[in-house]
Amino acid sequence: MITVRDVAKRFTLHNQGGAVLEVMDGAALEVGAGECVGLVGASGAGKSTLMRMIWGNYRIDAGSIRVAGVELAGAAPRDVIALRRGTLGHVSQFLRVVPRVPTLEVVAEPLRVLGMDATEAETRAGAILSRLNIPERLWPLSPTTFSGGEQQRVNIARGFVHPWPVLLLDEPTASLDAGNRAVVLSLIEEARNRGAAILGIFHDEGARTQVCTRLVDVSGFAVAA
Amino acid sequence: MSEYNFAYLDEGTKRMIRRAILKAVAVPGYQVPFASREMPMPYGWGTGGVQVTAACLTPADRLKVIDQGADDTTNAVSIRKFFQRTAGVATTERTAEATLIQTRHRIPETPLTEGQILIYQVPIPEPLRFLEPRETETRRMHALADYGLMHVKLYEDIARNGEIATSYAYPVQVAGRHVMDPSPIPKFDNPKLSDSPALQLFGAGREQRIYAVPPHTQVISLDFDDHPFVASKAPHACALCGDDGSYLDEVITDDAGGRMFVCSDTDHCATRRAAGHAGTQAEAIA
Amino acid sequence: MSGAHPLLSVQGLTKSYGARRGCADVSFDLWPGEVMGIVGESGSGKSTLLSCMAGNLTPDAGAVVFDTRTSGPRDVLAMPEPERRMLARTDWAFVHQNPRDGLRMGVSAGGNVGERLMGVGARHYGQIRAQATDWLGRVEIAAERIDDRPAQFSGGMQQRLQIARNLVTGPRLVFMDEPTGGLDVSVQARLLDLMRGLVRQMGLSAVIVTHDLAVVRLLADRLMVMKDGLVVEEGLTDQVLDDPQHAYTQLLVSSVLQV
């Protein structure tokens, strides 16, 4: 479902004398349906960079990344948007939402975008929020007022509310207590078992062992400084 | 009299005004700009109407001048005298006998006939003025028949008063095209604008505009489906002639609250009384 | 959501003010349901571009092709003015930065919302009023304020009223010029929430001009960065903001204060 071939990435810092940072070259990996692949490698090795290129918010300078058959290198914005809408799910470490929007709506939004009616979408959103132990009294409030751990769980709820066939997980268990960590890991396992192709970064070694079917070390893709 | 050209204005000026009139007749309701002249009377006294009258008069015409329906008010008397002196034309107070009628704020009750010309004095020719102050924009709105704003005005009227409270200068659409200010006639007179056998000309002196409603032209008063146009008048009969279908003026008769309603059209009232009609206070006045 | 044609296709749009460049050779396609942001500093040409697209300014060259309901893609700039005006009050909407430019301050809130309806021929007072009431509700203005004039409203309410006035005819394309400019941050948030909701419910396409990167991140699918009248970078919003390629975009992104 995810195919990365010969991918290179560099940053040109125009405002710092035009310095060019070559950060990645020859990256290649494959994630099939029902697999959960963990990216490993030292900090700065390029795990996040690779994830972002697959999500589409980093440009691909060379090579090819295909997600569910869609080529992301040079893709038109609307193709990336369509891919994100129905195929490619994402749990990032940051919650970016319009302030004032209730948590329940934030979580239901991906379903609404897919055309589901409000009641059904909010029922599903409520179910996953309950599972992640976000008490119902918080649902009408904006998550921007929540603690870090609560915000992270809202983010996870949003990432799992729809059964996306491809999932990108960026540190999904960071800043969670043991109970919620277990919930998230079971969510990941369920997704994997229903056949989703999952690619993730897990600093939590126990989590990695529990959910990952395979690990890929990105150190080999890094360009030596 | 010989010191004036016929009807005061020089022939070149009259020709210029006639050209504007022809254009106005060709495009019903469209405001044609013209080079308005200084007249020997102040703006607001009907200089626009006077210039149109001067351009239309021939020595054979019989002129009637009314102000608020009356032939004997200052404004009507002075304009009539002006043309008696500068054109030497015959004058009359009888609507039926006049070939040319200059009016301020009324349409005569007696139905007009073919061959007559009714000339209105217009203070502000632009019906969109108070909604859109930019002349460049209102002209474009006319050009594009972009008249939604006119209904906004009526909407505001209903929102504020529960009904369309505009009672004079009520906006009309002429020949299905141009929206026009009919001059400050009471809305009671609006139905008479439509399909009249007479030629109706409008002159605005200060604003330098002439417009026209040719004979037998459809003129529709703007309204809403659920708030239709109503030509209203005071719910009384004339105290002098007894007519309950003519437009009335309220006259205060003493300082003890005494008042009466009489026809605003003096010729209409006099004609009826001469024919034997009488109202409740006909004796008291006589 | 996407049809066979882009909803709006801008081709080589160019406008100069004498020797000074307003905008030059701008081209892009906007698809149904898409929201595009245009960012850049004051004088970068973004407002000129918006005015040219919306027909408020005549460009020197280029085409603005809109997929009309009745006759498919047509160059708006080549349309006769009556047709363009009709389009502007049925299928298009323009939300000004200053509500005073987009509202009639002497007309009640209900009259403001009803004007477009009356402009396209609505002649039933009760129905116009019912629709105005409905729209005031949608933009969170209490129904009992329908006969108040905009001058009695706060800045945020005026802006919401402007949005209601524009959207009442169910347009398909909305142009917004700094819609959150001049508003308090908390008021901005409410407006952003409202716009996002309306864009989704009505399937609107929108072009939003702003210098506020936070606004485009939350509202826009795509982003175009302008400098000195030229488009220096464009793409998916988060790609342009997270991985800016052009020197100017990098400067713009790095200059934003993080909160």
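Computed from a predicted model, the values in this text were never measured in an experiment.

Caption draft 1: Expanded view of the overall build of chain C. In terms of regular secondary structure, chain C is built from 10 helices and 10 strands. In summary, chain C has a C-alpha radius of gyration of 18 Å against a globular reference of 18 Å for 259 residues, a match within 12%. Taken along the three principal axes of its C-alpha coordinates, chain C extends 55 × 45 × 40 Å. Sorting the 259 residues of chain C into buried and exposed places 56% on the buried side. If you take every contact in chain C between residues at least 6 apart in sequence, the share linking residues at least 24 apart comes to 67%. Split by element, the accessible area of chain C, about 10100 Å² in all, is 49% carbon and sulfur.

Caption draft 2: Broad picture of the overall build of chain A. A count of helices and strands for chain A gives seven helices and nine strands. Referenced to the eigenvectors of the C-alpha coordinate spread, the extents of chain A come out at roughly 50 × 35 × 35 Å. In chain A, buried positions account for 49% of the 225 residues. The average position of the 23 basic charges and that of the 23 acidic charges among the side chains of chain A differ by 3 Å.

Caption draft 3: Spatial organisation of the packing of aromatic side chains. Tallied over the entire structure, the rule returns 13 aromatic pairs over all chains. Taking the centre distance of 4.1 Å and the plane angle of 10 degrees together, the rings of B:Tyr120 and B:Phe202 count as stacked. Note that B:Tyr120 is positioned in strand S5 (residues 117–121) and B:Phe202 in strand S8 (residues 199–204), a separation of 82 residues in sequence. On the basis of relative accessible area, B:Phe202 is assigned to the buried category, the value being 0%. Ring centres of C:Phe66 and C:Trp92 lie 5.4 Å apart, and the angle between their planes is 75 degrees; on these two criteria the pair is classed as edge-to-face. Here C:Trp92 lies in strand S6 (residues 92–95) and C:Phe66 lies in strand S4 (residues 61–68), a separation of 26 residues in the sequence. Both residues of the pair, C:Phe66 and C:Trp92, belong to the buried class. Through pairs of rings, three or more aromatic residues link up here, namely B:Tyr4, B:Tyr8, B:Phe82 and B:Phe83. The ring of A:Trp55 has A:Arg84 lying over it, and the distance from NZ or CZ to the ring centre is 4.2 Å. Between the NZ or CZ atom of C:Arg138 and the centre of the ring of C:Trp135, over which it lies, the distance is 4.2 Å.

Caption draft 4: Up close: helix H5 (residues 125–138) of chain C. Between its first and last C-alpha, H5(C) extends 20 Å over 14 residues, near the 20 Å set by a 1.5 Å rise per residue. Along H5(C), the positions that sit buried rather than exposed are C:Tyr125, C:Ile128, C:Arg129, C:Ala132, C:Trp135 and C:Leu136. The buried residues of H5(C) all sit within an arc of 125 degrees when viewed along its axis, so they share a single face. Tucked inside the fold, the buried residues of H5(C) contact helix H5 (148–161) of chain B together with helix H4 (109–119), helix H6 (155–167) and helix H7 (185–202) of chain C. Once H5(C) finishes, C:Glu140 follows within two positions and takes phi at roughly 65 degrees, a positive value.

Caption draft 5: Structural context of the environment of B:Thr166. Locating B:Thr166 in the fold gives a position in the loop between H5 and strand S6 (172–174). When neighbours within four sequence positions are excluded, B:Thr166 is seen to be in contact with B:Lys153, B:Asp157 and B:Lys187.

Caption draft 6: How the structure looks around the confidence of the model for chain C. Chain-level statistics for chain C give a pLDDT mean of 90 and a share of 98% at 70 or above. Interface predicted TM-score (ipTM) for the complex: 0.89; the corresponding pTM is 0.85.

Caption draft 7: Just the interface of chain C and chain B, in detail. Contacts between the two partners involve 22 residues from chain C, matched on the other side by 21 residues from chain B. Overall, the association of chain C and chain B removes approximately 1800 Å² of surface from exposure, summing both partners, and the carbon and sulfur fraction of that is 56%. Area buried by chain C at its contact with chain B is led by C:Arg85, C:Arg123 and C:Tyr125, which between them contribute 38% of it. In this assembly, chain C and chain B are joined by five salt bridges. Mapped onto the side of chain C that touches chain B, the elements with two or more residues apiece are helix H2 (81–90), H4 and H5 of chain C. Per-element accounting of the side of chain C that touches chain B gives the leading share, five residues, to H4(C). The residue inventory of the side of chain C that touches chain B, partitioned by class, reads six nonpolar, seven polar and nine charged.

Caption draft 8: Region of the structure containing the nonpolar core. Membership of the largest hydrophobic core comes to 109 residues, with the highest contact counts inside it found for A:Phe160 and A:Ile188. Considering each element in turn, this core owes the most residues, seven residues, to H5(B). Taken domain by domain, the makeup of this core includes at least three residues from each of domain 1 (33–64 + 172–259) and domain 2 (102–170) of chain C. Setting aside anything within four residues of it in sequence, one finds A:Ile188 in contact with A:Cys36, A:Phe160, A:Leu169, A:Pro172, A:Ile198, A:Phe202 and A:Val211. Counting 34 residues, the second-largest nonpolar core is a separate cluster that includes A:Val4, A:Ala27, A:Val31 and A:Val218.

Caption draft 9: Structural detail: the packing of helix H1 (residues 11–26) of chain B against helix H2 (residues 47–56) of chain B. Residue and element names in this part refer to chain B. Axis separation between H1 and H2 bottoms out at 9 Å; the angle between their running directions is 100 degrees. Overall, the two elements H1 and H2 adopt an arrangement that is roughly perpendicular. Seen from H1, the contacting residues are Lys14, Ile17, Arg18 and Ile21; seen from H2, they are Gln51, Val52, Ala54, Ala55 and Cys56.

Caption draft 10: Geometry of the interface of chain A and chain C. Counting residues at the interface gives 26 residues for chain A, matched by 26 residues for chain C. Both sides of the chain A and chain C interface together cover about 2400 Å² of buried area, and 50% of this is carbon and sulfur. When the buried surface of chain A facing chain C is broken down by residue, A:Arg78, A:Val98 and A:Arg100 rank first, second and third, together holding 27% of it. Taken together, chain A and chain C are joined by six salt bridges.

Caption draft 11: Geometry of the domain arrangement of chain C. All names here are of chain C. We note that the domain assignment places domain 1 (33–64 + 172–259) and domain 2 (102–170) within chain C. Look at where the C-alpha atoms of domain 1 and domain 2 centre, and you get two points 26 Å apart. Taken together, the contacts link 12 residues of domain 1 with 11 residues of domain 2. Buried surface at the junction of domain 1 and domain 2, summed over both partners, amounts to about 1000 Å²; 71% is from carbon and sulfur atoms. Applying the counting rule to domain 1 against domain 2 returns zero salt bridges. Taken together, the connections running from domain 1 to domain 2 amount to one residue pair in polar contact (both at pLDDT 80 or more). Taken together, the residues of the side of domain 1 that touches domain 2 sort by class into 10 nonpolar, no polar and two charged.

Caption draft 12: Here's a closer look at the pattern of salt bridges. Counted under the stated rule, the structure contains 48 salt bridges over all chains. The residue A:Glu190 makes a salt bridge to A:Arg131 at a minimum N-O spacing of 2.5 Å. Of the two residues, A:Glu190 is situated in helix H6 (residues 178–193) and A:Arg131 in helix H4 (residues 118–131); the sequence distance between them amounts to 59 residues. Between C:Glu115 and C:Arg104 there is a salt bridge, and its shortest N-O distance comes to 2.8 Å. Pair noted here: C:Glu115 is in helix H4 and C:Arg104 is in the loop between helix H3 (99–102) and H4, with a separation of 11 residues, a long-range link. We classify C:Glu115 as buried; its relative accessible area is 13%. Among the ionic contacts, a cluster of salt bridges with common partners joins B:Glu137, B:Arg140, B:Asp146, C:Glu81, C:Arg85 and C:Arg89.

Rules behind the numbers
- Residues numbered from 1 in each chain as written.
- Chains lettered and ligands numbered in written order.
- Predicted model: local features only at pLDDT ≥ 70, side-chain atom pairs only at ≥ 80, totals over all residues.
- Heavy atoms only, no water.
- Helix = DSSP H or I, 4+ residues; strand = E, 2+ residues; numbered from the N terminus.
- Rg over C-alpha atoms; globule rule 2.2 N^0.38 Å.
- Buried < 20%, exposed > 50% of the residue type's maximum accessible area, 1.4 Å probe, protein only.
- Contact = heavy atoms within 4.5 Å.
- Areas by Shrake-Rupley, 256 points an atom, 1.4 Å probe, with all protein chains shown as cover.
- Lys, Arg positive; Asp, Glu negative; His and termini not counted.
- Charge placed at Lys NZ, Arg CZ, Asp CG, Glu CD.
- Phe/Tyr/Trp six-rings, centres within 6.5 Å; stacked < 30°, edge-to-face > 60°.
- Lys NZ or Arg CZ within 6 Å of the ring centre and 35° of its normal.
- Expected span 1.5 Å × (residues − 1).
- Arc of directions from axis to C-beta.
- pLDDT = per-residue confidence, 0-100.
- Buried area = accessible area lost by both parts, 1.4 Å probe.
- Salt bridge = Lys/Arg side-chain N within 4 Å of Asp/Glu carboxyl O.
- Nonpolar A, V, L, I, M, F, W, Y, C, P; charged D, E, K, R; others polar.
- Core = buried A, V, L, I, M, F, W, Y, C linked by side-chain atoms within 4.5 Å.
- Domains from an automatic or database assignment.
- Axes fitted to C-alpha atoms, helices over the stretch in contact; angles between N-to-C directions.
- Parallel < 35°, antiparallel > 145°, perpendicular 65-115°, else oblique.
- Polar contact = N/O pair within 3.5 Å; in protein donor to acceptor, adjacent residues only side chain to side chain.

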